[in-house]
Amino acid sequence: MKMNFFSTTTTALSTQLRFDQKEMNFAKAVGKSTTTTALSFFPLANKEQSCIRIPKELATEVMKTHSSTLFGYFLGPRLHFSIVERYVKVAWGKFGFTELMMDNNGIYFFKFNDIGGSNQVVEAGPLMIRGVPLFVEHWDPVKGLTKPVHTSCPLWVKLHNVPLVAFNKEGISRIASALGIPKQMDACTASMCDKAWGRPGFAKVLIETWAVGELKRELQVLIPDLNGTDDVRVTIKVEYLWEPSQCSHCLVFGHKTSTCAKAVIAQKSKGKPKMVDEQGFTLVQRKEWRPKAVVGSTSGTKVDNDLRKEASHGKRCPL
Ligand SMILES: [Zn+2]
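One numbering rule holds for all chains: residues counted from 1, following each sequence as written. Only residues with pLDDT of 70 or above have their local features reported here, since the model is predicted, and side-chain atom pairs are shown and tallied only from 80 upward, although totals for entire chains, interfaces and linings are computed over all residues.

- Per an unreviewed UniProt entry, the protein carries the name DUF4283 domain-containing protein and comes from Centaurea solstitialis.

1. Regarding the overall build of the protein
Right, on to step 1. Within the protein one finds eight helices and twelve strands.
Right, on to step 2. Three exposure classes are used. Buried residues have 20 or more other C-beta atoms within 10 Å of their own C-beta, exposed residues have 12 or fewer, and partly exposed residues fall in between, all C-beta atoms being placed from the backbone. Within the protein, the proportion of its 319 residues that are buried is 20%.
Right, on to step 3. Contact between residues is assigned whenever the C-beta positions, reconstructed from backbone atoms, fall within 7 Å. Considering only intrachain contacts with a sequence separation of at least 6, the fraction spanning at least 24 residues in the protein is 63%. Labels follow the DSSP assignment, with helices taken as runs of H or I lasting at least four residues and strands as runs of E lasting at least two, numbered in each case from the N terminus.

2. Things to note about the confidence of the model for the protein
Right, on to step 1. Residue-level confidence of the predictor is summarised by pLDDT, bounded by 0 at the bottom and 100 at the top. Mean pLDDT over the protein: 82, with 74% of residues reaching 70 or higher.
Right, on to step 2. The lowest-confidence element of the protein is helix H8 (residues 303-312), averaging 43 in pLDDT; the highest-confidence one is helix H3 (residues 81-92), averaging 97.
Right, on to step 3. pLDDT under 50 marks residues 1-13. Its contacts with residues more than four places away, or in other chains, come to one contact.
Right, on to step 4. The low-confidence segment residues 293-319 (pLDDT under 50) makes 42 contacts with residues lying over four places distant or belonging to another chain.

3. Details of the sheet that holds strand S10 (residues 232-240)
Strands pair in a sheet through their backbones, by hydrogen bonds, and they do so in one of two ways: parallel or antiparallel.
Right, on to step 1. Spatial strand order, S7-S8-S6-S10-S9: five strands in an open sheet with antiparallel pairing. In this open sheet, the two strands that pair with only one neighbour each are strand S7 (180-185) and strand S9 (218-223). Here the average twist between neighbouring strands, direction ignored, is 35°.
Right, on to step 2. Of the pairings in the sheet, the one linking strand S6 (residues 152-160) to strand S8 (residues 202-210) comprises nine bridges and is antiparallel in character. Bridge assignment links Lys158 to a residue of S8, and that residue is Lys204.
Right, on to step 3. Lines fitted to C-alpha atoms define the axes here, with helix axes fitted over just the stretch in contact, and angles between the N-to-C directions of these axes take values from 0 to 180 degrees. The strands touched by helix H5 (residues 169-176) are S6, S7, S8, S9 and S10; relative to S8, the strand with the most contacts, the crossing angle is about 40°. The criterion for strand pairing is that DSSP finds at least two bridges linking the strands in question.

4. Description of the environment of Lys89
Right, on to step 1. Secondary-structure assignment places Lys89 in helix H3.
Right, on to step 2. Taking the C-alpha atoms as reference, Lys89 lies 9.5 Å from Leu100; in sequence the two are eleven residues apart.

5. Here's the deal with the nonpolar core
Right, on to step 1. Ranked by internal contacts, the top residues of the largest apolar core, which has 44 residues, are Ile172 and Val205.
Right, on to step 2. Ranked by residue count, the leading element in this core is S6, at five residues.
Right, on to step 3. Once you skip the residues sitting within four places of it in the chain, Ile172 turns out to touch Val162, Ala166, Phe167, Met185, Cys193, Ala203 and Val205. One nonpolar core equals one set of buried Ala, Val, Leu, Ile, Met, Phe, Trp, Tyr and Cys residues connected by C-beta atoms within 7 Å.

6. Details of the pairing of strand S2 (residues 97-102)
Right, on to step 1. One ladder, built from five bridges, connects S2 with strand S3 (residues 108-112); its direction is antiparallel. Pairing of Met101 across the sheet is with Phe109, part of S3.

7. What to know about the sheet that holds strand S1 (residues 69-73)
Right, on to step 1. The sheet built from five strands is open, its strands ordered S2-S3-S1-S5-S4 with antiparallel pairing. At either margin of the open sheet sits one strand with a lone partner, and together these are S2 and strand S4 (127-129). Direction aside, the axes of adjacent strands within the sheet are offset by 30° on average.
Right, on to step 2. Where S4 and strand S5 (residues 132-138) come together, three bridges link them in antiparallel fashion. Along S5, the bridge assignment pairs Ile129 with Val132.
Right, on to step 3. Along the sheet, H3 contacts S2, S3, S4 and S5; its crossing angle with S2, the most-contacted strand, is approximately 160°.

8. Points about the pairing of S6
Right, on to step 1. When S6 meets S10, the two strands line up antiparallel, connected through four bridges. Of the residues in S10, the one forming a bridge with Lys158 is Glu239.

9. Points about the environment of Leu219
Right, on to step 1. Along the polypeptide, Leu219 turns up in strand S9.
Right, on to step 2. In this structure Leu219 comes out as partly exposed when scored by C-beta crowding, with 17 C-beta atoms within 10 Å.
Right, on to step 3. Residues Leu219 and Lys237, 18 residues apart in the sequence, show an inter-C-alpha distance of 6.6 Å.
Right, on to step 4. Aside from chain neighbours lying at most four places away, what touches Leu219 is Ile175, Ala178, Ile236 and Val238.

10. Section: the environment of Asn105
Right, on to step 1. Relative to the helices and strands, Asn105 is located in the loop between S2 and S3.
Right, on to step 2. For Asn105, a count of 14 C-beta atoms within 10 Å corresponds to the partly exposed category.

11. Structural notes on unusual backbone geometry
Right, on to step 1. Positive phi is not limited to glycine here, since Arg130 has a value of about 50°.
Right, on to step 2. Mapped onto the elements of the fold, Arg130 is located in the loop between S4 and S5.
Right, on to step 3. Of the residues examined, Arg130 has 10 C-beta atoms within 10 Å and is grouped as exposed.
Right, on to step 4. The phi angle at Leu251 is positive, at roughly 55°, despite the residue not being glycine.
Right, on to step 5. With respect to the secondary-structure elements, Leu251 resides in the loop between strand S11 (246-247) and strand S12 (252-253).

If you want it as structure tokens, here you go:
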């Protein structure tokens, strides 16, 4: 291929320029590290090592920095960051809340001016944002890694078709008790109960709902016939303003049955037929060892599990 002097020179120049730029970028990136950007190398047992232990001293130091940091989570679909930010600024501003951040697993972190303010927020219990409870706890190096699971969860519930005879404080409390611990009702429901007149369509109630496998969608109420002997049955429709994830195997809120490791293992073992000997004793078959599952884990796993996994792959953590 023919190439004239000009094009050869241009090509050479542009190659040189790219090289210089590369060198300059490299120098810029690594040649002038400052105390804030410089890293240190910590010697390994060998180059295959892939398990790193964070020393207690470092964890203690970080813990001090975050002594007034809370972590928060939803037990199901989370609300958008900007909505959470807006609500907590209003609700927790008086407690010295300053800023928030969120990790890839939907766990929020809230910074407060001092531990007194964060204590008050934890003591107040979950913050209801648009009917969705935001649970908060004091952060520590292990706790903030996973979303805890709960056996109950405060939920706003609409009870449709409440008969007039039960549309009062006691009646609604009795009906709501079939779902969990009734906490409070909204202003319209309270007014209806108080005056026995107003909005009889539905009662809106906050209930500490139990995780019993599936959320109840219908309730039956028996109304006594004061002139006869037979009760009259009325069906109440239950509507949840927001629904948490729920596991029907563990009976907890916080993860789904379909993603539960324990439920999968239980289902597999259910499928195996029992071996019984001539005397009727169950024969124990050789069991396969499996690492223990961490329920409700989103990102972090227990260190022991990591070490076991390494061991199961023939590797041994040198630390
Ligand atoms: Zn489960």
